[in-house]
Amino acid sequence: MSWRIAMMCGVCGALIFLLCGFNASVRPVMVEGRRCVNLADAAKANGWKLEYAPDGRSVTVSGVRFAVRLIHDSAAAYWSDVRLALLGKAVRLPDGNWVVGKEDLQRTLKPVLAPAPLPPTPVRRVVIDAGHGGHDPGAVRSGVLEKSVNMSLAERLVPLLEKQGLKVVLTRSGDQFVPLEERADRVRLENGDIFLSIHQNAAENPDASGTEIFFAPGSRFEAASMHLAMAIQFSIMKCSGGLQTPQDRGIKRAGFRVIRQADCPAVLLECGFLSNTEDRMKLMKEEYLNTFAEAVAIGILCYRSLLSPREEQGGNNTPEERVNHDAN
Ligand SMILES: [Zn+2]
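Every residue gets a number counted from 1 within its own chain, in the order that chain's sequence is written. Reporting of local features is limited, given that this is a predicted model, to residues whose pLDDT is at least 70; pairs of side-chain atoms are given and counted only at 80 or more, and all residues count toward the totals for whole chains, interfaces and linings. Side-chain calculation: all heavy atoms of the structure are included, whereas hydrogens and water are not.

So, on to the pattern of salt bridges. Note on definitions: salt bridges are taken to be side-chain nitrogens of Lys or Arg within 4 Å of carboxyl oxygens of Asp or Glu. Counted according to the given criterion, the structure contains 14 salt bridges. Two residues, Arg107 and Glu222, come together in a salt bridge whose shortest N-O distance is 3.0 Å. You can see Arg107 sitting in helix α3 (residues 102-113) and its partner Glu222 sitting in helix α6 (residues 222-239), a full 115 residues away along the chain. With a 1.4 Å probe rolled over the protein chains alone, any residue whose accessible area is under 20% of its type maximum counts as buried; one over 50% counts as exposed, and the rest are partly exposed. Assessed through its relative accessible area of 23%, Arg107 is described here as partly exposed. Through salt bridges that share partners, Glu103, Arg107, Glu222 and Arg253 make up one connected network. A helix here means a DSSP run of H or I that spans at least four residues, while a strand means a run of E at least two residues long, and both kinds are numbered starting from the N terminus.

Looking now at the coordination of the zinc ion. Each metal site is built from N, O and S donor atoms within 2.8 Å (3.2 Å for Na, K and Ca), and since water is not included, such sites may look incomplete. Only His132 (NE2), Glu146 (OE) and His199 (ND1) from the protein reach the zinc ion as donors, at distances of 2.1 to 2.2 Å. For the zinc ion, the single-chain donor residues occur in sequence as H-x13-E-x52-H. Separated by 67 residues along the polypeptide, His132 in the loop between β9 (125-130) and β10 (140-141) and His199 in strand β13 (residues 194-201) bring together distant segments of the chain. His199 carries the same exposure label as His132, and that label is buried.

On to helix α5 (residues 180-190). Along α5, the residues classified as buried are Arg183, Ala184 and Val187. End-on, the buried residues of α5 take up no more than an arc of 95°, which puts them together on one face. The outward face of α5, more than 90 degrees from its buried face, is lined by the exposed residues Arg188 and Leu189. In this structure, the buried residues of α5 make contact with β9, β13 and α7 (257-261). Just downstream of α5, Asn191 is the residue with a positive phi angle, here 55°. Taking the helix axis as origin, the arc is that swept by the directions to the C-beta atoms. By definition in these notes, contact holds between two residues if any of their heavy atoms fall within 4.5 Å.

With that settled, consider the packing of aromatic side chains. For Phe, Tyr and Trp, rings pair up if their centres lie within 6.5 Å, where Trp contributes its six-membered ring, and each pair is then called stacked (planes under 30 degrees apart), edge-to-face (over 60) or tilted (otherwise). For the coordinates displayed, the defined rule picks out 4 aromatic pairs. Aromatic rings pair up to connect Phe66, Trp79 and Phe234 into one cluster.

Let us now look at the layout of surface pockets. Note on definitions: the grid is 1 Å and covers protein atoms alone; a cavity is a set of points where a 1.4 Å probe fits but cannot get out; a pocket is an open set with protein on both sides within 12 Å along at least five of seven lines; lining residues have an atom within 4 Å of a point. Grid points are joined across faces, edges and corners, and a volume is the space filled by probe spheres set on the points. Its boundaries defined by the atoms lining it, the second largest pocket holds a volume of some 160 Å³. Residues of the lining of the second largest pocket, tallied by class, amount to 7 nonpolar, 4 polar and 4 charged. Note on residue classes: Ala, Val, Leu, Ile, Met, Phe, Trp, Tyr, Cys and Pro are nonpolar, Asp, Glu, Lys and Arg are charged, and everything else, Gly too, is polar.

The next thing to look at is empty space enclosed by the protein. Considering all chains together, one arrives at 3 cavities of 30 Å³ or more under this definition. Roughly 40 Å³ of volume is contained in the second largest cavity. Forming the boundary of the second largest cavity are Gly210, Thr211, Pro246, Cys271, Gly272, Asp279, Lys282, Leu283 and Tyr288. Looking at the lining of the second largest cavity, the elements that each hand over two or more residues are β16 (266-273) and α8 (277-283). Among the residues forming the lining of the second largest cavity, the class breakdown is 4 nonpolar, 3 polar and 2 charged.

Relative to the helices and strands, Leu268 resides in strand β16. The spacing of Leu268 and Leu196 is 72 residues in sequence and 5.9 Å in space, taken between C-alpha atoms.

Limitation: the analysis is restricted to geometry and does not speak to function.
In structure tokens, the structure reads:
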């Protein structure tokens, strides 16, 4: 998997770059009853650059390393071409000014474009939660059980992460039922530094397909969880390249109990739709599961490199350099 990891090095280098936010105030604007801010004001206050698309449909907001593209009248933004769901729509007003929700300025744009230093907790222990189990199969389509696909991916992640010096804890070791609160509680019991819950989607619409990742709003780990979600989703979209990259359904907020209650940065990954024939066929293939698990592992390693000083990881090389060395 060395080529994929090599490709990620530049990304990790960018992710590692941390910058303190600015505190300049930005004038509030009310738009359709929503508290918004003028994007030009926000950009000026934070030292961001704005680049408007000639057709007026989008604007790219650039920080020092990262950029986010906002789309007129849409709550979908794009970070490095990966979809990032906003809390509200970005809007281009009739006078040509752009506005974005005040909440999105504070909770999405600032953490992404000018991320404040995250808590310097080294990532050593990862709690992986294979969703469902026992009498709860999760989604079932054409004889494929969600609980089995979840476990299959979780088991693949264990050696990939352990090889990189991480301790991995599974919330279930086999096909048994584990209540949601017990799953989240493993973080506390095992001193987990990251919680990843693995699921497969299903929908009435058979055309719905792709990968989406959720983090819980409102928790003290919201910003860190968003960065974890970004690192994993980006890695899946860029590293599963040659092998049928799934559709990018984006990085989203949702108050799922299992990630809300986990006492650390936590994300819930919906890998694909069992209700979609193409997704389901891919998720039944060993090769696809291997590649998908590798992409998730690389995302976790990138997140680790965000938080951990090099010496914490036991060497002078970056984790990616060491992975490359291992792979060669
Ligand atoms: Zn599920």
